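Here is how the chains run, residue by residue.
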Amino acid sequence: MQANPDLSTASTLLGLSGVGAELDVDGSYTAFAATNEVYNKMDAEKLSELMHADNKDALADITKYSLVEGSMTSADIAKAITDGGGTASITTLQGGVIKASMEGDKIVLEDGAGNKANVTQADVESTNGTLHVIDAILMPK
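Cut-off values and rules
- Residues numbered from 1 in each chain as written.
- Predicted model: local features only at pLDDT ≥ 70, side-chain atom pairs only at ≥ 80, totals over all residues.
- Heavy atoms only, no water.
- 1 Å grid on protein atoms, 1.4 Å probe; cavity = no way out; pocket = protein on both sides within 12 Å on 5 of 7 lines; lining within 4 Å.
- Points joined across faces, edges and corners; volume = space filled by probe spheres on them.
- Helix = DSSP H or I, 4+ residues; strand = E, 2+ residues; numbered from the N terminus.
- Pairing = 2+ DSSP bridges.
- Axes fitted to C-alpha atoms, helices over the stretch in contact; angles between N-to-C directions.
- Salt bridge = Lys/Arg side-chain N within 4 Å of Asp/Glu carboxyl O.
- Buried < 20%, exposed > 50% of the residue type's maximum accessible area, 1.4 Å probe, protein only.

### Thoughts on empty space enclosed by the protein
- Under the definition given, this model contains two cavities of 30 Å³ or more.
- The computed volume of the largest cavity comes to approximately 190 Å³.
- In this structure, the largest cavity is lined by 18 residues; those nearest its centre are Ala 10, Phe 32, Tyr 39, Thr 63 and Ser 66.
- Those elements that provide at least two residues to the lining of the largest cavity are α1 (8-17), β1 (29-34) and α5 (56-65).
- The leading source of residues in the lining of the largest cavity is β1, at four residues.

Set out below in structure tokens:
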């Protein structure tokens, strides 16, 4: 993930989870990252709890749920949605599925808990793939 000041919380969580170190240096990934503003709206106690060392597995699960193997641009996602008849199922590194659809020209993602996130900034180049900025935190079931 590139150093974007608006994504510092997501970057910190990636580091704390240990997932960043697990990623293949030569691999290519797609990341769906929420901005600091989104994390700031999250219950501070819950966020602090997630960052605690005892909860590293839960944090890794959430972090891996926002990562997909292979670099997918917004055009790739839109094509998958069209090919899927209006919905695409994207399998994450965590093993869960994110459902992608379109609302107008915006990509909308639905997590395992049924929460929705909009892609607010697509196709941000990253050192090892593509990053899409989203307006909500994606959570596995």
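On we go.
### Some remarks on the sheet that holds strand β7 (residues 129-134)
- Spatial strand order, β2-β1-β7-β6-β5-β4-β3: seven strands in an open sheet with mixed pairing. At either margin of the open sheet sits one strand with a lone partner, and together these are β2 (67-69) and β3 (88-91). Neighbouring strand axes in the sheet, compared pairwise and without regard to direction, differ in orientation by 35° on average.
- The pairing of strand β5 (residues 106-110) with strand β6 (residues 116-126) spans three bridges and is antiparallel. Bridge pairing links Glu 110 to Lys 116 in β6.

### Notes on the pattern of salt bridges
- Under the defined criterion, the tally for this structure stands at three salt bridges.
- Residues Asp 83 and Lys 79 are paired through a salt bridge, measuring 2.7 Å at the closest nitrogen-oxygen approach. Of this pair, Asp 83 and Lys 79 both sit in helix α6 (residues 74-83), four residues apart, roughly one helical turn.
- Residue Lys 79 is classed as exposed on the basis of its relative accessible area, which comes to 51%.

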